[in-house]
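Breakdown of the fold
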Amino acid sequence: ENIGLAEQRIATKIRINPENPDIMYVGTMGDPMQRDDNRGLYRTEDGGQTWEQVLFIADDAGIIDLVMHPQNPDILFAASWNRIRNTEESIVDGDDAKIWRTTDGGDTWQMLENGLPQQDMSRIGLAISNDKVFAVYVNTSYELDNVYVSSDNGDSWAATTGNAGAILGGFGWYFGKVVVNPTNDDEIYVLGVDLHRSLDGGQTWATATPPWWQYSVHADKHSLHFSDANTLLLATDGGLYRSTDNAETWTDIENIPNTQFYRVAYNPNNPSVYGAGAQDNGITAGNADAMNSWPRLLGGDGFQVIYHPTDSNVFYAENQ
């Protein structure tokens, strides 16, 4: 059932009051193609029949992340982000990259400062446990700025100042996610091209998945969910993976027979083979008789393939 917020276009997070499910909060980014006021944080108190915009930042900024305190549903933290994407401009950072807090169910909001960056930033991701709030900041170079932790419900923050380094591949606005093991506040995950983990509260970091170029766990990690203290579900650009041993090993748990192709090419020198450029799966080639074993000819994002009309040894391909 459609319950509204159509003009807000992109709904990033939904949080429901567990004590009264008619009260819901929705973070929205608006229409990325244009500046308007249909973005920000919205609240319904009647199960979605009516909506109220309770937090508006700017006509080019929306709410990219939202968490609710597990013991007090009137306390929420929201992260705002400047984002415009059209044929003339692509904005992924700005002075509206901030964290906001409400303690009265969304009636009033406070911008948080003590220990948090106040200069221009890119995307911010949030996580919350029983005792701590976590925020990952992406800087204007689109790499990891730091992971910030608050032990007093957001009144003050401390940077973990760990050694994670350049872990976001130079396009951190594509990720911006931090996840904490619900049974251990010192076990922190930052999602990027690879999955990065700290076991000591952010002081030191190591990868928690094999290197992306091995393709055993696909590149570009976007969502991580704990089923229990040792069981994790990881969503990537290439599918869904599960670990049952606290990220020591991973299993591909989906088998969805589809690929997003940008271009497909016919090989005149070998009519049974087609070449194709695939989203985040490089240049690949094959046919229907070998549906699950197309060799990867180039990595990254694959685009156009052209075969030489008479020389079977020559073909051209483009990727990024």
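Structure's up top.
What comes next concerns the included structure. Remember, predicted model here, so these are calculated numbers, not experimental data.

**Notes on the sheet that holds strand β12 (residues 133–138)**
Taken together, four strands build an open sheet; the order of strands is β11-β12-β13-β14 and the sheet is antiparallel. Looking along the sheet, the strands with just one partner apiece sit at the ends: β11 (124–128) and β14 (158–159). With five bridges connecting them, β11 and β12 associate as antiparallel partners. Within β12, the position partnered with Leu126 by the bridge is Ala135.

**Regarding the pattern of salt bridges**
A full pass over the atoms with the stated rule returns ten salt bridges. Close ionic contact of Arg43 with Glu45 constitutes a salt bridge, the shortest N to O distance being 3.9 Å. The exposed category is assigned to Glu45, whose relative accessible area is 53%. Close ionic contact of Glu248 with Arg197 constitutes a salt bridge, the shortest N to O distance being 3.6 Å. Here Glu248, found in the loop between β21 (239–243) and β22 (251–252), pairs with Arg197, found in strand β17 (residues 195–198); they are 51 residues apart in sequence, far enough to count as distant. On the accessibility criterion, Glu248 (57% relative accessible area) is exposed. Salt bridges sharing common partners tie together Arg43, Glu45, Glu52 and Asp107.

**Some remarks on the side chain of Asp96**
Its place among the elements puts Asp96 in the loop between β8 (90–91) and β9 (99–102). Buried Asp96, no salt bridge; nearest opposite-charge side chain is Lys98, N-O distance 6.1 Å.

**So, the sheet that holds β9**
Strand-to-strand pairing in sheets goes through backbone hydrogen bonds, with the strands running parallel or antiparallel. Taken in spatial order, the four strands of this open sheet run β5-β6-β9-β10, and their pairing is antiparallel. Looking at strand neighbours, the two that pair on one side only are β5 (61–68) and β10 (110–111), the edges of this open sheet.

**Description of the packing of aromatic side chains**
A complete count under the given rule lists eleven aromatic pairs for this structure. Centre to centre, the rings of Phe171 and Tyr174 are 5.6 Å apart; their planes meet at 40 degrees, and the pair counts as tilted. Residue class for Phe171 comes out partly exposed when judged on its relative accessible area of 26%. Judged by its relative accessible area of 27%, Tyr174 is partly exposed. On the numbers, 6.1 Å between centres and 75 degrees between planes, the contact of Trp173 with Tyr174 is edge-to-face.

**Section: the layout of surface pockets**
Computed from the structure, the largest pocket encloses a volume of approximately 970 Å³. In this model, the second largest pocket occupies a volume close to 630 Å³. If you trace the second largest pocket, you find 22 residues lining it, with Arg15, Ala127, Ile128, Val179 and Leu224 closest to the centre. Those elements giving two or more residues to the lining of the second largest pocket turn out to be β1 (11–16), β5, β11, β15 (177–181) and β19 (221–226). It is β19 that contributes the most residues to the lining of the second largest pocket, five residues altogether. A breakdown of the residues in the lining of the second largest pocket according to their chemical character gives 13 nonpolar, five polar and four charged.

**A closer look at unusual backbone geometry**
Even without being a glycine, Asn153 presents a positive backbone phi close to 60 degrees. For Asn153, the location among the structural elements is in the loop between β13 (144–150) and β14. You will see that Ala247, though not glycine, has its phi angle at about 70 degrees, which is positive. Looking at where Ala247 falls in the secondary structure, it is placed in the loop between β21 and β22.

**Some details on the environment of Gly154**
Position of Gly154 among the secondary structure elements: in the loop between β13 and β14. Accessibility expressed as a relative area gives 2% for Gly154, which makes it buried. Distance from Gly154 to Gly169, taken between C-alpha atoms, is 29 Å for residues 15 residues apart in sequence. With residues near it in sequence (within four places) discarded, Gly154 still touches Phe77, Arg101 and Leu112.

What counts as what
- Residues numbered from 1 in each chain as written.
- Predicted model: local features only at pLDDT ≥ 70, side-chain atom pairs only at ≥ 80, totals over all residues.
- Heavy atoms only, no water.
- Pairing = 2+ DSSP bridges.
- Helix = DSSP H or I, 4+ residues; strand = E, 2+ residues; numbered from the N terminus.
- Salt bridge = Lys/Arg side-chain N within 4 Å of Asp/Glu carboxyl O.
- Buried < 20%, exposed > 50% of the residue type's maximum accessible area, 1.4 Å probe, protein only.
- Lys, Arg positive; Asp, Glu negative; His and termini not counted.
- Phe/Tyr/Trp six-rings, centres within 6.5 Å; stacked < 30°, edge-to-face > 60°.
- 1 Å grid on protein atoms, 1.4 Å probe; cavity = no way out; pocket = protein on both sides within 12 Å on 5 of 7 lines; lining within 4 Å.
- Points joined across faces, edges and corners; volume = space filled by probe spheres on them.
- Nonpolar A, V, L, I, M, F, W, Y, C, P; charged D, E, K, R; others polar.
- Contact = heavy atoms within 4.5 Å.

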